[in-house]
Each structure stands twice: as structure tokens, then as C-alpha cells.
Amino acid sequence: MALSLGRAAWERAVLLAVAFEALKVVSARFVFPPMSSAILWLPAGLSLAFLLRSPTWMWPALLLAIFAAELGSVLAEGLPWGVGAAWAVGNVLRTLVGAASMRRWLGPVVRFHRVRDVLGLLVLGAGVAALPSATLGALGAKWGLGSAASFAHEWEVWWLSDVLGTVLVAPLMLTWWPAHRGAARPWRLVELWGLLAAVALVGFVIFRSDDVPDSPAITTTLPYAAFPLVIVAALRLGGRGATSASAVMSAIAVAFTRLGQGPFGALPVPVASRVMSTQVFMAALGLSALTVAAVVAERRRAEAAQRVLARAGAVLARSSDWSVTLPQVTRLLVPEFATGAAIWLSGEGGLVERVAASGWTQASEWGLRGQFPPVPPETRAWSWPGGSGVLAPMRVRGRVVGALALTMTQEGRDTGLRDEVLAEDLARRCALALENARLLGEAREAVAVREDFIAVAAHELRTPLATLTLRVQGLLAQSRGTELAGKLDAILRQVRRLTRLVENVLDVSFFTSGDLALRRERVDLAELVEEVVSRHLSEAARVGTSLELKRTSHPVPGWLDRRRVEQALSNLLVNAIKFGAGSAVDVALWQVGDRARLTVRDRGIGVPPEAVERIFAPFERAVSVHEYGGLGLGLYLVRRIVEAHGGSVRLIDEDGVGATFVLELPVEPRLRRMEALPSADPGA
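Residues numbered from 1 in each chain as written. Predicted model: local features only at pLDDT ≥ 70, side-chain atom pairs only at ≥ 80, totals over all residues. Heavy atoms only, no water.

## A word on the overall build of the protein chain
As a reminder of what qualifies: In DSSP terms, a helix is any run of H or I states spanning at least four residues, a strand is any run of E spanning at least two, and both are numbered starting from the N terminus. When a residue's accessible area, from a 1.4 Å probe over protein chains only, is under 20% of the maximum for its type it is buried; when over 50% it is exposed; and in between it is partly exposed. All accessible-area figures derive from a Shrake-Rupley calculation using a 1.4 Å probe, and residue coverage is judged against the displayed protein chains alone.
Tallying secondary structure elements over the protein chain gives 20 helices and twelve strands in all. Residues counted as buried form 46% of the 684 residues belonging to the protein chain. Of the roughly 33300 Å² of accessible surface on the protein chain, a fraction of 61% belongs to carbon and sulfur atoms.

## Some words on the sheet that holds strand β5 (residues 399-409)
Paired through backbone hydrogen bonds, the strands of a sheet run either parallel or antiparallel to each other. Our working rule: DSSP bridges decide pairing: two strands pair if at least two such bridges lie between them. Interaxial angle, 0 to 180 degrees, is taken between N-to-C directions of lines fitted to C-alpha atoms, where a helix line uses only the stretch in contact.
Spatial strand order, β2-β1-β5-β4-β3: five strands in an open sheet with antiparallel pairing. Strands with a single pairing partner mark the edges of an open sheet, and in this sheet they are β2 (352-358) and β3 (380-384). Pairs of neighbouring strands in the sheet enclose a mean axial angle of 20°, with direction left out of account. Sheet topology note: the strand β1 (residues 340-346)/β5 ladder contains six bridges and is antiparallel. Paired with A342 across the two strands is A405, which belongs to β5.

## Here's the deal with the packing of helix α7 (residues 151-176) against helix α10 (residues 227-258)
A pair of packed helices can be characterised by two numbers: the angle between their axes and the separation between those axes. Just so we agree on the cut-off: Roughly parallel means an angle under 35 degrees; roughly antiparallel, over 145; roughly perpendicular, 65 to 115; everything else is oblique. Working rule for handedness: look at the near helix, and if it is turned counterclockwise from the far one by less than a right angle, call the crossing left-handed; if clockwise, right-handed. Contact between two residues is taken to exist if any of their heavy atoms lie within 4.5 Å; hydrogens are not considered. Nonpolar residues are Ala, Val, Leu, Ile, Met, Phe, Trp, Tyr, Cys and Pro. Charged residues are Asp, Glu, Lys and Arg, and all others, Gly as well, are polar.
Interhelical geometry of α7 versus α10 gives an angle of 140° and a closest axis separation of 9 Å. In terms of orientation, α7 lies oblique with respect to α10. Crossing of α7 over α10 shows left-handed handedness. Counting all contacts with α7, which are made through L168, P171, L172, T175 and W176, the residues of α10 involved are G239, R240, T243, S244, A247 and S250. Of the residues in the contact of α7 with α10, the class split is five nonpolar, five polar and one charged.

## Remarks on the environment of A100
In this structure, A100 sits in helix α4 (residues 81-106). The exposure class of A100 is partly exposed, given its relative accessible area of 34%. The spacing of A100 and L51 is 49 residues in sequence and 8.8 Å in space, taken between C-alpha atoms.

## Considering a nonpolar patch on the surface
Here is the rule we go by: Patch construction takes residues with relative accessible area above 30% that form no salt bridge. Like charges are linked within 9 Å, and nonpolar side chains (Val, Leu, Ile, Met, Phe, Trp, Tyr) are linked within 5 Å. Throughout this description, the term salt bridge denotes a Lys or Arg side-chain nitrogen within 4 Å of a carboxyl oxygen of Asp or Glu.
On the surface, V89, L93, V97, L122, V123, V128 and L131 cluster together into a nonpolar patch covering about 460 Å² of accessible area. Take L131: it is sitting in helix α6 (residues 130-144).

## Quick look at the packing of helix α2 (residues 43-52) against α4
For the pair α2 and α4, the least separation of the axes is 9 Å and the interaxial angle reads 45°. If you check the angle between α2 and α4, you find them oblique. Here the hand of the crossing between α2 and α4 comes out right-handed. Judged by residue contacts, P43, A44, S47, L48, L51 and L52 of α2 engage R94, T95, L96, G98, A99, M102 and R103 from α4. Split into classes, the residues belonging to the contact of α2 with α4 amount to eight nonpolar, three polar and two charged.

## A closer look at the nonpolar core
Formally: Residues grouped as a nonpolar core are buried Ala, Val, Leu, Ile, Met, Phe, Trp, Tyr and Cys residues, joined through side-chain atoms within 4.5 Å.
F30, I39, L48, M102 and F112 are the most contacted members of the largest nonpolar core, which has 52 residues in total. Mapped onto this core, the elements with two or more residues apiece are α1 (2-27), α2, α3 (59-76), α4, α5 (115-128), α7 and α12 (271-318). A total of eight residues in this core trace back to one element, the largest contributor, which is α7. For L48, the residues in contact, after removing those within four places along its chain, are T95, G98, A99, M102, L121, G125, T166 and A170. Counting residues in hydrophobic clusters, the runner-up holds 40 residues, among them L525, V556, I615 and A659.

## Digging into the pattern of salt bridges
Across all of its chains, the model carries 23 salt bridges by this definition. Of the charged contacts, one joins E668 and R522 as a salt bridge, the two residues approaching to 3.0 Å between their closest N and O atoms. On the criterion of sequence distance, the pair formed by E668 in the segment after β12 (659-666) and R522 in strand β6 (residues 521-524) is long-range, its members being 146 residues apart. The class for E668 is partly exposed, based on a relative accessible area of 25%. For E664, the salt bridge is made with R595, and the minimal N-O distance between the two is 3.9 Å. Taken together, the positions of E664 in strand β12 and R595 in strand β10 (residues 595-602) put the pair 69 residues apart, joining distant regions of the chain. According to the relative accessible area criterion, E664 is buried, its value standing at 12%. Judged by relative accessible area, R595 falls into the partly exposed class, the value being 25%. Salt bridges sharing common partners tie together R397, E435, R438 and E442.

That's the geometry; what it means functionally is another story.
See the structure below:
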């Protein structure tokens, strides 16, 4: 393995040496006497890009290749070995300082997806790194070759040539030399080549012309016409489009400027100054385009983070089972935001257990050693030789319940402040989801205990109520025609009312637990409605309410649970009598195809608009409990019974003058015609 790694390093070093010599030949065309240095040193950007895209264990071989290539070429030109050694060491120091400082402050991978990367290249990779090479280069030229130029001027040219070479070449190589392999989209390549062709055409128009306008203002501003298409390439294609378009425009501009053409070629200064001005302008153009691309990339990343947070919120809200939702959250993060993501939960005794992971490798686990456990009190970023990571605690009401970790390997990008914010936000959402799941579990347990209690209490109450009903009925039969009969009749009504309330409470527990089973049989709904209405005539008469029934003359057969449908109809009638304020209650039944439609209309207090939907919920009421008694279960049971049969029930408010309940049930179909009643259908 060591042999194969060494071979890979030396192969890359040879490639670097060959490319270094090739670009040095190109740079030699930019040497203008009396200066000994080229005003554009392209190998500076090449060597920096090679080190930034190579693991650190390859750096000694690459730096040795740079030293050997520079020293060998200088000695081949017949120059003193001391000058060659000074220049070679200067190239090595520039590359090492630039690559090391950029990795230290920007992370292991520079992809120009952040404005910080562009500033780091300009300040650290170009400006600071060129200081030792410019110093050694100027010393070698001044005292080794006896340059006629002053040391300060020689140093300035050396420094500026290294900076320009770095700014023009390094971004192009770094954007086209990806940190990780990925399939290129063909249509993106087609768009890129189309934009480059347009950039080349515009470059020819701007910089090739011999006929420069006489107006200095036009001559000065004409080069800025190169900006729009280069900026478009940055907006559309990111850093790769920005650097490619800038390189094409720079090559055309420098070539024609050397020939004395274009806005810069017409400047009344020496050729060296013209070319230098062109290169500085093009470097500014390239950095501007690269900055725009970085801003766009940051914005897209921020938008992607918001989408991930929204999706994570939807996933966490979809289920209370964290064993299902938490793994889905980690999969949302990989590979767009991290190469690995994992979630741990704290158990009894402070032990932590990993419950979800995506892209989590042995290297990620090794990099986490020494950082976790225990769970840190605050979000923490760390790095190790294989990458970097972010660890965010999951906290609920001041108590840490777990942690979320994001890791980035050397092949990815370095973690930053945005990753810390994203990890904190996700950890907060996951912790909240865990707390909600815990509270939901406790609530379900409490509801289950309550339902069990209600069911047991209702069962226990049914037996004494049944016995009491039979005894009162027996006493009532023996005391017919006496004064006691009226009192016993009132007692019997109250016992039956209490029995009905107990039955409703028991039915609610059945519906809530899902234990209710329908016992279907063939029932004539028309006959059943008439029977239920006749049963409530005496109750309605006692409060001054009249019940009027209008129904179809034909049977309305259907497969229904007779007792449950009777219960629903009875609840509707009791509700209408109770809130009808002594007015008439109209009951109507007819059949439309395979649906039976029953309406119960009263002319009482009505239902407020805001209560129309909620009155069908359990324990809901449209009026105060102090004005009208009851548990608020009757209409809820009506809805559940009807829906269990495949039907529906709705309320039609009569503008504050009564209410109309429309109940529909599936029945056996008749002829395709509506058996209409003399009165209009209030639900139509």
C-alpha cells in the first residue's frame, strides 16, 4: 500500500514538473527588458492548485518537483546556480505558504463556493504567498545577475507577476479539478461552450480593432464591455463558468494588446506597461466574476438549507415514531450538506446510543473520538486529519436528550458557521419532535386509562340502572290511576335519561378504541323512522313541541345496524326537542338513488356559524352548559354511527331561526328518480 501511494505521489510530481516547465515557456514571452522577470508568472497558480488538490503526504514530492524544475531550467539557461537556487526556493516557499495558509483558514478543500474562498485566494494564496518569492527573486536578479533596475522596482514586478499568475491560473484549475468525482451534465457543458464562444466573439470585437476611438473616455470604458457575458457565465454556471469565461477573455485581450491593438494596445506607454495593465484588468474581471459565482453558490446553499429544514419538519411531523423519522432526517443531509450524519439519544445512566446514521463510516467514528461522549453543552466544531465535523446537542427544557453530528471528509468541503447553524436548527427540531412524541405517548396512556375507567364505570352503572328501571316500571303498573303514578312516571323518565347518558358515554369509548362492530341486517328505514318518531311524541308533547313526519310511501330497505341507526335518529330528535324552544319539529324521509335522506328541522335557537363544524366533535356544545344540560356527545355519536355505515350528516343553519340536520345513509337503490316530497329539500 505504501509503495502504491508513493508511486502515485511521484507520478503527480512528474506531471507537475512537466506542466511547470510548459507554463514557464509561456511566461517567458512576457519578459520585457530591462526586467529579468516575466510580468506574468503562470506557474505560480499551477503549483498552488496542485498542492491544494493533493493530500498533504504528497506535498514533499510536489515541492521537490517544483524546486527541481525551476533549478534545472535556470541552470540550462546558463545562469549561476546561486540564482537558480534562490529562485527555486522562492517558488517552493510561495507555493507552500499559499497552500498551507489557505488550508489553515479556508479548510481542506477550496471550491470557491464562498466569498471567503475568493478573498483567501487573493490575500493568502496570492498576496502573502508571493512575498518570499518576490524577495528571493529580486535578490537573485539584482545581485546575482546585476539587473539595471532598482531592487524596489524588481521586487514589485516579481510580486505582481506571481500575484497575477496565481489569480489567473489557480481558480481555473481548482474549478476544473473537482474535489470529488461527479457526473457532468451534458446540457451544462453545451451551455458552457456556447457561452465561451460568445465571450470569444465579444473579446475579438473589443480587443482586436485597430481603429480605436479618438475619445479617451470611450477608449477607457470600452474594456468594461467584457463584463456582462463573463458575469452571465458566473451566474449560470458558477465558478467553473466564471473562470473559463475570464480565461478566454484574458487570453484574447493579452494577445491583441501585445500586437498593439484594442483599448490597451493604443495606450501611449511601453509594451510591458500595456500588457501589465491588461493583465491587472483581467485579474479584476476574473475575481469579480468568481465573487459573483461564490455569492450565488452561498445563496443557493442557504436556500437548500431552508428546504432541508422544511422537509425535516415535515418528516418529523409525519410520525411520532422517532425510529422511523430520525433516519430519514439524516438521509436528507447526505451528501448535499455532509458526507456523514448521525444522531444519538441519551438513555438511563447517561449512556448514549446511536439511533440513526447516514454516510457514517469508521473514519467518521474515529474522528469523533475525544469529542463525544459526553454530549457537549453547546454546539462545537472540530477537525481531525481526515476531515472536520460539527456536534450539536439536542436540548429540551434545558435538559440534553441527545446529539446530532455532521462530518466532512477531506474529499468534501470544510465545515463552517453555516453548518453549525444548520446542525443547531436540526437538533432543536429533532429534540422538539422527541418531546412531542413523549408527550403524545403520555397523553395516549392517560386517554387509555380514562377510556378504561369510563368503560368499566358505564358497565357497572348499567346493571343497577336496569334493575331500577324494572322496579319503577313495576311500581308504575301497580299504581295506575293514583297520585303516585305521576311521580313514578317522572322518576322513570329521569332513569331512562340517565341510562341514555351512560349508553352514550360507553359508546364514545367504543368508537375511540375502535372496538365498535356493526350488526347489519335488512331494515326498512321508513318503518324505523316512523317508530322512533312515535316513541318521542309524548316527550315532545310535554314541552309543547309537535312532531310532524313526512316520508315516502315506499319501503326504504337497507343493510343497517338497526339499534345504532335508531340511536342516531333518537339523538337527532332529542336534540331538536331540547333546543326547539317549544316550536314544531319537522321530520322528512325520502330516497334518491341508493341514498336515503332524512332531515330533522326545528325552529329553535339555531347554531352560531362558528360552531357549525365543531358541534359534531365529542364534548362540544354550541351553547353554555349552564343554559342547557347534557354531555355534548349526542351529535358526535350521530356522526360516528352514520360514517360507520358509509353515510354522512351535516347541519344547515337557518339564519338564526332553527337548524336543519341532513342525514344520508346507503340503502338498496330504486329506480333512478327522486321520490320528492311536497316540501323542498332543505339540503339541496
